[in-house]
Amino acid sequence: MKEKINDNKRKFSKTLTVKREKFVKFLNRTVADIIVLNEENVKDMPKGRMMVCCTHRSHIDYVILGLKIPEFGADQIRFAAGDNLTRVPMLGKLFRSVGAFSVYRGKASQRSYIMRLTNQVKLMVSSGDSVIVFPEAGRSYSGEMLDVKSGVLSAGVLAQKDEPDNPIYYLPCAINYTRIPDLQAFDLLLKGKSMRDNSKNFVLKFIGGFLYYFADINVFLSSWIFKAQTDVYLNVAKATPLKDITDVEKKFQAQAKSPIVANRDAINECSAWVEKQFWEIFPLLPVNVVGYLFNKSGRGYLNEKEVEKIMEKLKTAKLCTDAMNGFSAKEILKIGIKQLKKNGAIRGKFYISIKSKTRLAYFSAFINSALNKE
(Lines give C-alpha, C1' and ligand atoms only; values in the text may rest on other atoms or scores of the structure.)
Protein backbone atom coordinates (compact mmCIF):
# COMPACT_ATOMS: atom_id res chain seq x y z
CA MET A 1 0.00 0.00 0.00
CA LYS A 2 2.81 2.42 0.87
CA GLU A 3 4.37 1.97 -2.58
CA LYS A 4 1.02 2.77 -4.24
CA ILE A 5 0.61 5.93 -2.18
CA ASN A 6 4.13 7.10 -3.05
CA ASP A 7 3.54 6.26 -6.69
CA ASN A 8 0.34 8.32 -6.72
CA LYS A 9 2.04 11.18 -4.87
CA ARG A 10 4.64 11.45 -7.63
CA LYS A 11 2.10 11.71 -10.45
CA PHE A 12 2.91 15.39 -11.14
CA SER A 13 6.62 14.62 -11.26
CA LYS A 14 5.99 11.79 -13.71
CA THR A 15 3.74 13.95 -15.87
CA LEU A 16 6.36 16.72 -15.90
CA THR A 17 8.97 14.20 -17.02
CA VAL A 18 6.70 13.07 -19.86
CA LYS A 19 5.74 16.60 -20.95
CA ARG A 20 9.10 18.20 -20.20
CA GLU A 21 9.99 18.26 -23.89
CA LYS A 22 7.01 20.55 -24.64
CA PHE A 23 8.24 23.12 -22.14
CA VAL A 24 11.84 22.79 -23.32
CA LYS A 25 10.71 23.34 -26.93
CA PHE A 26 8.88 26.50 -25.84
CA LEU A 27 11.95 27.78 -23.98
CA ASN A 28 14.19 27.05 -26.96
CA ARG A 29 12.16 29.55 -28.96
CA THR A 30 11.72 32.17 -26.25
CA VAL A 31 14.86 31.95 -24.10
CA ALA A 32 18.41 32.30 -25.42
CA ASP A 33 20.10 31.26 -22.16
CA ILE A 34 19.33 30.60 -18.49
CA ILE A 35 22.11 31.79 -16.20
CA VAL A 36 21.91 30.47 -12.63
CA LEU A 37 23.69 32.69 -10.13
CA ASN A 38 25.11 31.28 -6.89
CA GLU A 39 24.43 27.75 -8.06
CA GLU A 40 26.38 26.38 -5.11
CA ASN A 41 23.33 27.21 -2.96
CA VAL A 42 21.27 24.45 -4.60
CA LYS A 43 23.62 21.64 -3.61
CA ASP A 44 21.98 19.19 -1.19
CA MET A 45 18.60 20.89 -1.67
CA PRO A 46 15.73 19.24 0.28
CA LYS A 47 13.60 17.01 -1.96
CA GLY A 48 10.32 18.19 -0.44
CA ARG A 49 8.49 19.98 2.39
CA MET A 50 9.71 23.21 0.87
CA MET A 51 8.20 26.51 -0.20
CA VAL A 52 10.01 27.99 -3.19
CA CYS A 53 9.36 31.75 -2.94
CA CYS A 54 10.12 33.77 -6.06
CA THR A 55 9.83 37.31 -7.39
CA HIS A 56 7.40 37.65 -10.29
CA ARG A 57 8.06 39.52 -13.52
CA SER A 58 6.67 37.21 -16.19
CA HIS A 59 4.52 34.12 -16.75
CA ILE A 60 7.72 32.54 -18.10
CA ASP A 61 8.77 32.38 -14.42
CA TYR A 62 6.57 29.28 -14.07
CA VAL A 63 8.35 27.44 -16.87
CA ILE A 64 11.83 28.45 -15.69
CA LEU A 65 11.24 27.30 -12.11
CA GLY A 66 9.25 24.24 -13.16
CA LEU A 67 12.23 22.95 -15.10
CA LYS A 68 15.12 24.18 -12.94
CA ILE A 69 13.89 23.35 -9.40
CA PRO A 70 13.61 19.59 -10.17
CA GLU A 71 17.08 19.78 -11.76
CA PHE A 72 18.34 21.14 -8.44
CA GLY A 73 17.02 18.04 -6.67
CA ALA A 74 13.52 18.90 -5.43
CA ASP A 75 10.67 16.48 -6.17
CA GLN A 76 6.89 16.63 -6.64
CA ILE A 77 6.59 20.29 -7.64
CA ARG A 78 3.34 22.22 -7.23
CA PHE A 79 2.68 25.75 -8.57
CA ALA A 80 0.52 28.53 -7.19
CA ALA A 81 -0.68 30.14 -10.44
CA GLY A 82 -3.12 32.97 -11.08
CA ASP A 83 -6.48 31.89 -12.49
CA ASN A 84 -5.76 33.96 -15.62
CA LEU A 85 -3.17 31.27 -16.43
CA THR A 86 -4.76 28.05 -15.14
CA ARG A 87 -8.11 28.77 -16.82
CA VAL A 88 -6.67 29.56 -20.26
CA PRO A 89 -7.87 26.87 -22.74
CA MET A 90 -5.27 24.17 -23.49
CA LEU A 91 -2.44 26.07 -21.83
CA GLY A 92 -4.15 26.01 -18.43
CA LYS A 93 -4.80 22.28 -18.73
CA LEU A 94 -1.14 21.67 -19.53
CA PHE A 95 0.01 23.63 -16.46
CA ARG A 96 -2.51 21.92 -14.19
CA SER A 97 -1.34 18.50 -15.38
CA VAL A 98 2.17 19.18 -14.06
CA GLY A 99 1.08 20.48 -10.65
CA ALA A 100 -0.33 23.99 -11.05
CA PHE A 101 -3.28 24.99 -8.87
CA SER A 102 -5.38 28.14 -9.16
CA VAL A 103 -5.06 31.26 -7.05
CA TYR A 104 -8.04 33.56 -7.61
CA ARG A 105 -6.60 37.07 -7.39
CA GLY A 106 -10.07 38.63 -7.25
CA LYS A 107 -10.74 36.82 -3.95
CA ALA A 108 -7.47 37.86 -2.30
CA SER A 109 -9.27 40.24 0.06
CA GLN A 110 -11.69 37.54 1.28
CA ARG A 111 -10.47 36.09 4.57
CA SER A 112 -12.37 32.82 4.11
CA TYR A 113 -10.76 32.24 0.72
CA ILE A 114 -7.25 32.94 2.02
CA MET A 115 -7.80 30.46 4.85
CA ARG A 116 -8.97 27.76 2.40
CA LEU A 117 -6.01 28.42 0.11
CA THR A 118 -3.57 28.38 3.02
CA ASN A 119 -4.91 25.05 4.28
CA GLN A 120 -4.70 23.64 0.74
CA VAL A 121 -1.04 24.63 0.46
CA LYS A 122 -0.29 23.45 4.01
CA LEU A 123 -1.49 19.96 3.12
CA MET A 124 0.74 19.95 0.04
CA VAL A 125 3.83 21.00 1.98
CA SER A 126 3.06 18.61 4.86
CA SER A 127 2.75 15.68 2.46
CA GLY A 128 6.22 16.34 1.04
CA ASP A 129 5.56 18.62 -1.94
CA SER A 130 7.77 21.53 -2.98
CA VAL A 131 5.34 24.39 -3.60
CA ILE A 132 6.35 27.28 -5.84
CA VAL A 133 4.71 30.54 -4.73
CA PHE A 134 4.97 34.18 -5.79
CA PRO A 135 4.32 36.10 -2.56
CA GLU A 136 4.22 39.50 -4.29
CA ALA A 137 0.71 38.26 -5.23
CA GLY A 138 1.07 38.92 -8.95
CA ARG A 139 3.49 40.25 -11.52
CA SER A 140 5.07 43.62 -10.99
CA TYR A 141 3.65 45.87 -13.71
CA SER A 142 5.83 48.78 -12.55
CA GLY A 143 9.21 47.07 -12.23
CA GLU A 144 9.26 47.76 -8.48
CA MET A 145 9.59 45.08 -5.84
CA LEU A 146 6.07 44.62 -4.49
CA ASP A 147 5.35 44.09 -0.81
CA VAL A 148 5.42 40.42 0.16
CA LYS A 149 1.98 39.15 1.17
CA SER A 150 1.86 36.70 4.06
CA GLY A 151 -1.21 34.75 2.82
CA VAL A 152 0.22 31.67 1.11
CA LEU A 153 3.55 31.95 2.95
CA SER A 154 1.71 31.23 6.20
CA ALA A 155 1.12 27.65 5.01
CA GLY A 156 4.72 26.77 5.83
CA VAL A 157 4.39 28.09 9.38
CA LEU A 158 1.15 26.16 9.95
CA ALA A 159 2.72 22.96 8.60
CA GLN A 160 5.72 23.43 10.90
CA LYS A 161 3.46 23.99 13.93
CA ASP A 162 1.62 20.74 13.20
CA GLU A 163 4.88 18.77 12.98
CA PRO A 164 7.57 20.54 15.05
CA ASP A 165 10.18 17.82 14.49
CA ASN A 166 9.73 17.56 10.71
CA PRO A 167 11.47 20.61 9.15
CA ILE A 168 9.89 22.89 6.59
CA TYR A 169 12.23 24.82 4.28
CA TYR A 170 11.96 28.17 2.49
CA LEU A 171 13.90 28.68 -0.74
CA PRO A 172 14.00 32.32 -1.96
CA CYS A 173 14.61 32.83 -5.70
CA ALA A 174 14.64 35.89 -7.95
CA ILE A 175 14.37 36.09 -11.74
CA ASN A 176 15.21 38.92 -14.12
CA TYR A 177 15.16 39.15 -17.91
CA THR A 178 17.16 41.07 -20.49
CA ARG A 179 13.85 41.37 -22.34
CA ILE A 180 10.61 41.16 -20.34
CA PRO A 181 8.29 38.86 -22.37
CA ASP A 182 5.09 40.28 -20.82
CA LEU A 183 6.00 43.95 -21.11
CA GLN A 184 4.08 44.45 -24.36
CA ALA A 185 0.88 43.19 -22.70
CA PHE A 186 0.99 45.20 -19.46
CA ASP A 187 -1.30 48.04 -20.62
CA LEU A 188 -3.97 45.61 -21.82
CA LEU A 189 -3.57 43.43 -18.73
CA LEU A 190 -4.07 46.38 -16.40
CA LYS A 191 -7.10 47.60 -18.33
CA GLY A 192 -8.69 44.14 -18.32
CA LYS A 193 -7.83 43.57 -14.66
CA SER A 194 -9.41 46.87 -13.62
CA MET A 195 -12.63 46.17 -15.55
CA ARG A 196 -12.84 42.59 -14.30
CA ASP A 197 -12.21 43.37 -10.63
CA ASN A 198 -13.89 46.74 -10.16
CA SER A 199 -16.85 46.90 -12.52
CA LYS A 200 -20.32 46.10 -11.18
CA ASN A 201 -21.64 45.73 -14.72
CA PHE A 202 -21.65 42.09 -15.86
CA VAL A 203 -20.92 42.98 -19.49
CA LEU A 204 -17.91 45.11 -18.52
CA LYS A 205 -16.69 42.34 -16.20
CA PHE A 206 -16.93 39.88 -19.08
CA ILE A 207 -15.05 42.20 -21.46
CA GLY A 208 -12.42 42.86 -18.80
CA GLY A 209 -11.94 39.14 -18.24
CA PHE A 210 -11.62 38.55 -21.99
CA LEU A 211 -8.98 41.28 -22.33
CA TYR A 212 -7.11 39.92 -19.31
CA TYR A 213 -6.96 36.36 -20.66
CA PHE A 214 -6.30 37.48 -24.24
CA ALA A 215 -3.32 39.58 -23.16
CA ASP A 216 -1.68 36.59 -21.46
CA ILE A 217 -2.39 34.24 -24.34
CA ASN A 218 -0.83 36.80 -26.66
CA VAL A 219 2.36 36.84 -24.55
CA PHE A 220 2.89 33.12 -25.06
CA LEU A 221 1.83 33.08 -28.71
CA SER A 222 3.87 36.10 -29.80
CA SER A 223 6.95 34.83 -27.93
CA TRP A 224 6.58 31.48 -29.71
CA ILE A 225 5.70 32.75 -33.17
CA PHE A 226 8.25 35.56 -33.39
CA LYS A 227 10.93 33.71 -31.40
CA ALA A 228 11.48 36.85 -29.30
CA GLN A 229 14.30 35.51 -27.16
CA THR A 230 15.60 36.75 -23.83
CA ASP A 231 18.39 35.82 -21.47
CA VAL A 232 17.13 34.75 -18.04
CA TYR A 233 19.03 35.32 -14.80
CA LEU A 234 17.92 33.11 -11.91
CA ASN A 235 19.43 33.82 -8.51
CA VAL A 236 18.95 31.19 -5.83
CA ALA A 237 19.46 31.65 -2.09
CA LYS A 238 20.00 28.77 0.32
CA ALA A 239 17.08 26.58 1.32
CA THR A 240 16.66 27.61 4.96
CA PRO A 241 14.85 25.63 7.68
CA LEU A 242 11.89 27.57 9.05
CA LYS A 243 13.21 27.11 12.59
CA ASP A 244 16.23 29.24 11.59
CA ILE A 245 13.91 32.06 10.51
CA THR A 246 11.43 32.17 13.37
CA ASP A 247 10.52 30.30 16.57
CA VAL A 248 7.06 28.95 15.77
CA GLU A 249 6.48 27.37 19.16
CA LYS A 250 7.55 30.42 21.17
CA LYS A 251 5.46 32.85 19.13
CA PHE A 252 2.31 30.69 19.13
CA GLN A 253 -0.73 32.33 20.81
CA ALA A 254 -2.88 29.49 22.12
CA GLN A 255 -5.96 31.64 22.87
CA ALA A 256 -6.33 33.00 19.32
CA LYS A 257 -9.49 32.31 17.32
CA SER A 258 -7.83 30.72 14.26
CA PRO A 259 -4.53 29.02 13.38
CA ILE A 260 -3.46 31.96 11.23
CA VAL A 261 -4.05 34.46 14.03
CA ALA A 262 -2.43 32.13 16.55
CA ASN A 263 0.72 32.02 14.43
CA ARG A 264 0.57 35.64 13.28
CA ASP A 265 3.90 36.74 14.81
CA ALA A 266 5.81 33.84 13.27
CA ILE A 267 4.08 34.38 9.92
CA ASN A 268 4.98 38.09 9.89
CA GLU A 269 8.58 37.34 10.80
CA CYS A 270 8.79 34.78 8.02
CA SER A 271 7.27 37.18 5.46
CA ALA A 272 9.72 39.93 6.45
CA TRP A 273 12.60 37.48 6.01
CA VAL A 274 11.45 36.50 2.50
CA GLU A 275 11.04 40.16 1.48
CA LYS A 276 14.54 40.99 2.74
CA GLN A 277 15.91 38.07 0.74
CA PHE A 278 14.15 39.33 -2.40
CA TRP A 279 15.78 42.75 -2.13
CA GLU A 280 19.20 41.18 -1.69
CA ILE A 281 19.09 38.53 -4.44
CA PHE A 282 17.15 40.22 -7.28
CA PRO A 283 19.73 40.11 -10.13
CA LEU A 284 20.30 43.58 -11.54
CA LEU A 285 21.30 43.77 -15.21
CA PRO A 286 22.79 46.44 -17.51
CA VAL A 287 19.24 47.26 -18.69
CA ASN A 288 18.39 48.30 -15.11
CA VAL A 289 21.56 50.33 -14.55
CA VAL A 290 21.33 52.26 -17.83
CA GLY A 291 17.56 52.59 -17.50
CA TYR A 292 17.98 54.14 -14.06
CA LEU A 293 20.61 56.66 -15.26
CA PHE A 294 18.58 57.67 -18.32
CA ASN A 295 15.27 57.92 -16.46
CA LYS A 296 16.78 59.87 -13.56
CA SER A 297 19.03 62.34 -15.34
CA GLY A 298 18.64 62.04 -19.11
CA ARG A 299 20.94 61.01 -21.94
CA GLY A 300 23.71 63.30 -20.66
CA TYR A 301 24.39 60.81 -17.87
CA LEU A 302 24.92 57.88 -20.21
CA ASN A 303 28.69 57.76 -19.81
CA GLU A 304 31.22 55.44 -18.18
CA LYS A 305 31.88 57.74 -15.22
CA GLU A 306 28.20 57.76 -14.19
CA VAL A 307 27.99 53.98 -14.64
CA GLU A 308 30.94 53.54 -12.29
CA LYS A 309 29.28 55.81 -9.70
CA ILE A 310 25.95 53.96 -9.73
CA MET A 311 27.64 50.55 -9.62
CA GLU A 312 29.50 51.62 -6.50
CA LYS A 313 26.22 52.75 -4.92
CA LEU A 314 24.55 49.43 -5.76
CA LYS A 315 27.37 47.44 -4.18
CA THR A 316 27.35 49.66 -1.07
CA ALA A 317 23.59 49.07 -0.79
CA LYS A 318 24.32 45.30 -0.99
CA LEU A 319 22.15 44.80 -4.03
CA CYS A 320 22.86 41.88 -6.35
CA THR A 321 25.20 42.92 -9.16
CA ASP A 322 26.60 39.38 -9.66
CA ALA A 323 25.26 39.20 -13.23
CA MET A 324 27.60 42.07 -14.17
CA ASN A 325 30.75 40.70 -12.53
CA GLY A 326 33.69 41.19 -14.87
CA PHE A 327 31.89 43.81 -16.99
CA SER A 328 33.60 47.14 -17.50
CA ALA A 329 31.58 50.37 -17.27
CA LYS A 330 31.85 50.65 -21.05
CA GLU A 331 30.39 47.15 -21.53
CA ILE A 332 27.54 47.78 -19.07
CA LEU A 333 26.67 50.99 -20.92
CA LYS A 334 26.77 49.37 -24.36
CA ILE A 335 24.80 46.27 -23.32
CA GLY A 336 22.27 48.30 -21.31
CA ILE A 337 21.47 50.59 -24.25
CA LYS A 338 21.04 47.57 -26.52
CA GLN A 339 18.71 45.88 -24.01
CA LEU A 340 16.60 49.02 -23.55
CA LYS A 341 16.14 49.22 -27.32
CA LYS A 342 15.04 45.58 -27.48
CA ASN A 343 12.42 46.30 -24.82
CA GLY A 344 11.10 49.29 -26.76
CA ALA A 345 12.12 51.81 -24.09
CA ILE A 346 14.53 53.92 -26.18
CA ARG A 347 15.45 54.35 -29.85
CA GLY A 348 18.14 55.86 -32.02
CA LYS A 349 21.66 54.93 -33.09
CA PHE A 350 23.61 58.17 -33.00
CA TYR A 351 21.08 60.21 -30.99
CA ILE A 352 19.28 58.20 -28.30
CA SER A 353 15.78 59.31 -27.35
CA ILE A 354 12.93 57.94 -25.26
CA LYS A 355 10.49 55.72 -27.11
CA SER A 356 8.33 54.78 -24.09
CA LYS A 357 8.52 56.63 -20.77
CA THR A 358 6.56 53.84 -19.09
CA ARG A 359 8.98 51.14 -20.19
CA LEU A 360 12.02 53.23 -19.33
CA ALA A 361 10.59 53.83 -15.85
CA TYR A 362 9.95 50.08 -15.50
CA PHE A 363 13.64 49.22 -15.81
CA SER A 364 14.74 51.95 -13.42
CA ALA A 365 12.08 51.31 -10.76
CA PHE A 366 13.84 48.63 -8.69
CA ILE A 367 17.09 50.59 -8.31
CA ASN A 368 15.19 53.81 -7.63
CA SER A 369 13.15 52.15 -4.86
CA ALA A 370 16.16 50.36 -3.38
CA LEU A 371 18.35 53.46 -3.15
CA ASN A 372 15.49 55.59 -1.76
CA LYS A 373 14.82 52.79 0.73
CA GLU A 374 18.33 53.20 2.05
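The rules behind these values
Residues numbered from 1 in each chain as written. Predicted model: local features only at pLDDT ≥ 70, side-chain atom pairs only at ≥ 80, totals over all residues. Heavy atoms only, no water. Phe/Tyr/Trp six-rings, centres within 6.5 Å; stacked < 30°, edge-to-face > 60°. Helix = DSSP H or I, 4+ residues; strand = E, 2+ residues; numbered from the N terminus. Lys NZ or Arg CZ within 6 Å of the ring centre and 35° of its normal. 1 Å grid on protein atoms, 1.4 Å probe; cavity = no way out; pocket = protein on both sides within 12 Å on 5 of 7 lines; lining within 4 Å. Points joined across faces, edges and corners; volume = space filled by probe spheres on them. Nonpolar A, V, L, I, M, F, W, Y, C, P; charged D, E, K, R; others polar. Salt bridge = Lys/Arg side-chain N within 4 Å of Asp/Glu carboxyl O. Buried < 20%, exposed > 50% of the residue type's maximum accessible area, 1.4 Å probe, protein only. Contact = heavy atoms within 4.5 Å. Patch = residues over 30% accessible without salt bridge, like charges linked within 9 Å, V, L, I, M, F, W, Y side chains within 5 Å. Areas by Shrake-Rupley, 256 points an atom, 1.4 Å probe, with all protein chains shown as cover. Lys, Arg positive; Asp, Glu negative; His and termini not counted. Charge placed at Lys NZ, Arg CZ, Asp CG, Glu CD.

Caption draft 1: Region of interest: the packing of aromatic side chains. If you walk through the whole model with that rule in mind, you get 8 aromatic pairs. Taking 6.1 Å as the distance between ring centres and 15° as the angle between the ring planes, the aromatic pair formed by Phe210 and Phe214 counts as stacked. Here Phe214 and Phe210 lie together in helix α9 (residues 202-225), a separation of 4 residues that amounts to about one turn. With centroids separated by 6.3 Å and ring planes inclined at 45°, the aromatic side chains of Tyr212 and Tyr213 adopt a geometry described as tilted. Counting every residue linked through ring pairs, the aromatic cluster contains Tyr141, Phe186, Tyr362 and Phe363. Its guanidinium or amino end placed over the ring of Phe252, Lys161 lies 4.3 Å from that ring's centre, counting from NZ or CZ.

Caption draft 2: View of the layout of surface pockets. Here the largest pocket is characterised by a volume of approximately 450 Å³. Lining the largest pocket are 15 residues, with Phe26, Leu91, Leu94, Phe220 and Leu221 sitting closest to its centre. Of all the secondary-structure elements, those providing two or more residues to the lining of the largest pocket are α2 (11-30), α5 (91-97) and α9. In terms of residue class, the lining of the largest pocket is built from 13 nonpolar, no polar and 2 charged.

Caption draft 3: Focus on the pattern of salt bridges. The final tally for this structure, using the stated rule, is 12 salt bridges. The closest approach of N and O atoms between Glu269 and Lys251, which form a salt bridge, is 3.5 Å. Here Glu269 is found in helix α12 (residues 264-281), whereas its partner Lys251 is found in helix α10 (residues 248-251), with 18 residues between them in sequence. Judged by its relative accessible area of 32%, Glu269 falls in the partly exposed class. With relative accessibility at 26%, the residue Lys251 sits in the partly exposed group. Among the salt bridges present, the one from Glu280 reaches Lys276, with a minimum N-O distance of 2.6 Å.

Caption draft 4: Quick peek at the side chain of Thr30. In this structure, Thr30 sits in helix α2. With residues up to four places along the chain from it excluded, the contact list for Thr30 reads Ser223, Trp224, Ala228, Gln229 and Thr230.

Caption draft 5: Spatial organisation of a positive patch on the surface. Together, Lys330, Lys334, Lys338 and Lys342 give the surface a local cluster of positive charge. Mapped onto the elements, Lys338 comes out in helix α15 (residues 329-342). With a relative accessible area of 52%, Lys338 lands in the exposed category.

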